[in-house]
Amino acid sequence: MHIILYLHILAACAWIGGGLLLFGLGIFIREKEIQERIYGAIGPFYGYFESVWLLILITTGFVLAGQYNLFQVSGDGSELGSWVHRKMVLVGLISLATLVHLYIAFATHGKKRTRMETLLSRGGSLSIFLLNLAILAVAIQIRTIL
């Protein structure tokens, strides 16, 4: 089971690290034209790259949850069950935010986005970023209890 935990942590590093990189690019590169060129160039690769890591994260998370009987404790009123339930909800939310963001990103790649598409895409990015931090904090709590 150590290899599964290793893959889970590796996937988390790739997923969260990639998100931090793009978030940083959005903050520090202020010129819209340069931002559009950078995101236009790396966006499709990044979308596929991060999708693979998210699938690995979710898959290994299910395996680990089964190994540690975490599905049974979710919602049972215990401290561990409460943290596991929170993580499941957060993973569901980040998955939804990622699907919306990826759909808009691929559907509008190389095209001018509408105001709503821009709002949903940027809102999705910010949501993913914040949810990553929340999931990491919850994962630390779960690991501490285990």
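Residues numbered from 1 in each chain as written. Predicted model: local features only at pLDDT ≥ 70, side-chain atom pairs only at ≥ 80, totals over all residues. Heavy atoms only, no water.

Engineer: Hey, could you go over helix α5 (residues 115-145) for me, with residue numbers and the actual values?
Structural biologist: For α5, with 31 residues, the first-to-last C-alpha span of 45 Å sits near the 45 Å given by 1.5 Å per residue. Buried within α5 are the following residues: Ser121, Gly124, Ile128, Phe129, Leu131, Asn132, Ile135, Val138 and Ile142. Here the buried face of α5 lies against α1 (2-28), α3 (70-73) and α4 (79-107). (Helix = DSSP H or I, 4+ residues; strand = E, 2+ residues; numbered from the N terminus. Expected span 1.5 Å × (residues − 1). Buried < 20%, exposed > 50% of the residue type's maximum accessible area, 1.4 Å probe, protein only. Contact = heavy atoms within 4.5 Å.)

Engineer: Lay out the nonpolar core in plain terms, naming residues and giving numbers.
Structural biologist: With 21 residues, the main nonpolar core has Trp15, Leu70, Leu80, Val84, Ile94 and Ile142 as its most contacted residues. Secondary-structure elements contributing two or more residues to this core are α1, α2 (32-67), α3, α4 and α5. Considering every element that reaches this core, the biggest residue donor is α4, with six residues. With near-sequence residues (within four places) excluded, Val84 lies in contact with Leu70, Val73, Ser74 and Ile142. (Core = buried A, V, L, I, M, F, W, Y, C linked by side-chain atoms within 4.5 Å.)

Engineer: Describe in detail the layout of surface pockets, supporting the description with residues and values.
Structural biologist: Reported here for the largest pocket is a volume of approximately 1,300 Å³. Lining the largest pocket are 36 residues, and of these Tyr39, His101, Arg113, Ser121 and Ser125 lie nearest its centre. Listed by contribution, the elements that provide at least two residues to the lining of the largest pocket are α1, α2, α4 and α5. Ranked by residue count, the leading element in the lining of the largest pocket is α2, at eleven residues. Taken together, the residues of the lining of the largest pocket sort by class into 13 nonpolar, 16 polar and seven charged. Here the second largest pocket defines a volume of roughly 820 Å³. As for the second largest pocket, its lining consists of 31 residues, and the residues nearest its centre are His8, Gly61, Lys87, Ile135 and Ala139. For the lining of the second largest pocket, the class distribution of residues is 25 nonpolar, four polar and two charged. (1 Å grid on protein atoms, 1.4 Å probe; cavity = no way out; pocket = protein on both sides within 12 Å on 5 of 7 lines; lining within 4 Å. Points joined across faces, edges and corners; volume = space filled by probe spheres on them. Nonpolar A, V, L, I, M, F, W, Y, C, P; charged D, E, K, R; others polar.)

Engineer: How would you summarise the packing of α1 against α2 if you had to cite specific residues and measurements?
Structural biologist: As a packed pair, α1 and α2 sit with axes 8 Å apart at the nearest point and diverge in direction by 155°. With respect to their mutual orientation, α1 and α2 come out roughly antiparallel. Read as a crossing pair, α1 and α2 show a hand that is left-handed. Residue composition of the contact of α1 with α2, grouped by class: 20 nonpolar, seven polar and one charged. (Axes fitted to C-alpha atoms, helices over the stretch in contact; angles between N-to-C directions. Parallel < 35°, antiparallel > 145°, perpendicular 65-115°, else oblique. Left-handed = near helix turned anticlockwise from the far one by under 90°.)

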